[in-house]
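For reference, the chains in residue letters:
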Amino acid sequence: IGNNGDGSFQFFVNGSSSAVGTNALTIDSSGNVGIGTSSPNTTLHLSGLTGSPPKLTLEEGGAESRIYITKNSPTNSDLRFQTEISGTIADRMLIDYSGNVGIGTSSPSEKLHVNGGSVQVESTGNTAIRLKGGVGTLSRIITSDGSDAGYIDYDHSADSWIHRTAGTERMRIDSVGVLQSNGYS
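As a convention, each chain's residues are numbered from 1 in the sequence order in which they are written. Totals for whole chains, interfaces and linings use every residue, but because this is a predicted model, local features are given only for residues with pLDDT of at least 70 and side-chain atom pairs only at 80 or more, for both listing and counting. Side-chain calculation: all heavy atoms of the structure are included, whereas hydrogens and water are not.

Asks: How should the overall build of the protein chain be read in this particular structure?
Replies: Across its full length, the protein chain carries 0 helices and 16 strands. A compact globule built from 185 residues would reach a C-alpha radius of gyration of about 16 Å, whereas the protein chain, at 26 Å, exceeds it by more than 25%. Judged by the C-alpha coordinates and their principal axes, the protein chain covers about 85 × 40 × 35 Å. Put simply, the protein chain has 185 residues, and 18% of those count as buried. Contact between two residues is taken to exist if any of their heavy atoms lie within 4.5 Å; hydrogens are not considered. Taking as baseline every contact in the protein chain between residues at least 6 positions apart, the subset at least 24 positions apart corresponds to 2%. Surface exposure of the protein chain reaches about 12,800 Å², of which carbon and sulfur atoms provide 51%. With 12 positive and 18 negative side-chain charges, the protein chain shows a spacing of 5 Å between the two charge centroids. Under the scheme used here, helices are H or I runs from DSSP no shorter than 4 residues and strands are E runs no shorter than 2 residues, and both carry numbers assigned from the N terminus. Radius of gyration means the value over C-alpha atoms here, while the globule rule gives 2.2 Å times the residue count to the 0.38 power. Summary of the burial criterion: residues with accessible area below 20% of their type's maximum are buried, those above 50% are exposed, and those between are partly exposed, where the area comes from a 1.4 Å probe applied to protein chains only. All accessible-area figures derive from a Shrake-Rupley calculation using a 1.4 Å probe, and residue coverage is judged against the displayed protein chains alone. Counting rule applied: Lys, Arg positive; Asp, Glu negative; His and chain ends not counted. Charged groups are reduced to one reference atom each: NZ for lysine, CZ for arginine, CG for aspartic acid, CD for glutamic acid.

Below is the structure:
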């Protein structure tokens, strides 16, 4: 344990002072705690080397979950959440540097990308999934086997619902409620 002379306390390992030991923990004069850094800039600041990110491990009775970052470039990082199943720790959710969230995938391609399961919205009251687009745009629900063949579109410029299969329009409900099917009203 050492006093740095600036009001901070540092805890060293593998030695008794900074001359022979490695700084493991710092509490600065404002009460910020740093692990792996001698100059913490938040209440709890964890720092690691590239390729060896600091991990926050939460454990109960031998089962673990972890939160950590991975560096993508000098100024970009991802935030990863891991849980343990049958003794194996694996990524379960990721927020990438662009703000995309991946559940079941480590490379989300959309704002929310879920792989390997269903999404459930449940409530004892009303529930909703809102697709909000601008004037002249489409709001789209896609069902896909890889070819994006099934669509339900809401055309904001025409105020109409369009249903497509195999990429072709099959049915439309126009802005006055007329149902058109394969071109027939």
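There is more to say after this.
Asks: Help me out: how do you make sense of the layout of surface pockets in this one?
Replies: It is a probe the size of a water molecule, rolled over the atoms, that shows where empty space is left. Method remark: on a 1 Å grid restricted to protein atoms, a set of points is classed as a cavity if a 1.4 Å probe fits but cannot get out and as a pocket if it is open with protein on both sides within 12 Å along at least five of seven lines; lining residues have an atom within 4 Å of a point. Grid points are joined across faces, edges and corners, and a volume is the space filled by probe spheres set on the points. Reported here for the largest pocket is a volume of approximately 660 Å³. Forming the boundary of the largest pocket are 15 residues, of which Glu110, Leu112, Arg140, Ile141 and Ile142 lie nearest the centre. Where the lining of the largest pocket is concerned, the elements lending two or more residues are strand S11 (112-114) and strand S12 (138-143). In terms of residues, the lining of the largest pocket owes the most to one element, S12, which gives 4 residues. Polar here means any residue other than Ala, Val, Leu, Ile, Met, Phe, Trp, Tyr, Cys and Pro, which are nonpolar, and Asp, Glu, Lys and Arg, which are charged; Gly is therefore polar. In terms of residue class, the lining of the largest pocket is made up of 7 nonpolar, 4 polar and 4 charged. Put simply, the second largest pocket is a space of about 360 Å³. Of all the secondary-structure elements, those providing two or more residues to the lining of the second largest pocket are strand S5 (44-46), strand S6 (55-60) and strand S7 (63-73).

Asks: Sorry, what's going on with the sheet that holds strand S9 (residues 88-95) here?
Replies: By way of backbone hydrogen bonds, the strands of a sheet pair with one another, either parallel or antiparallel. Strand pairing requires that DSSP identify at least two bridges connecting the strands. Taking strand neighbours across the sheet as the criterion, the 6 strands line up as S6-S7-S8-S9-S10-S11 in an open arrangement whose pairing is mixed. Single-partner strands in this sheet number two, and they are S6 and S11. Each adjacent strand pair in this sheet contributes to an overall mean axis angle of 25 degrees, direction not counted. Looking at chain direction, S6 and S7 are connected through 6 bridges and run antiparallel. For helices, the axis comes from a line fit to the C-alpha atoms of the stretch in contact; other axes are also lines fit to C-alpha atoms, and the angle between any two N-to-C directions lies between 0 and 180 degrees.

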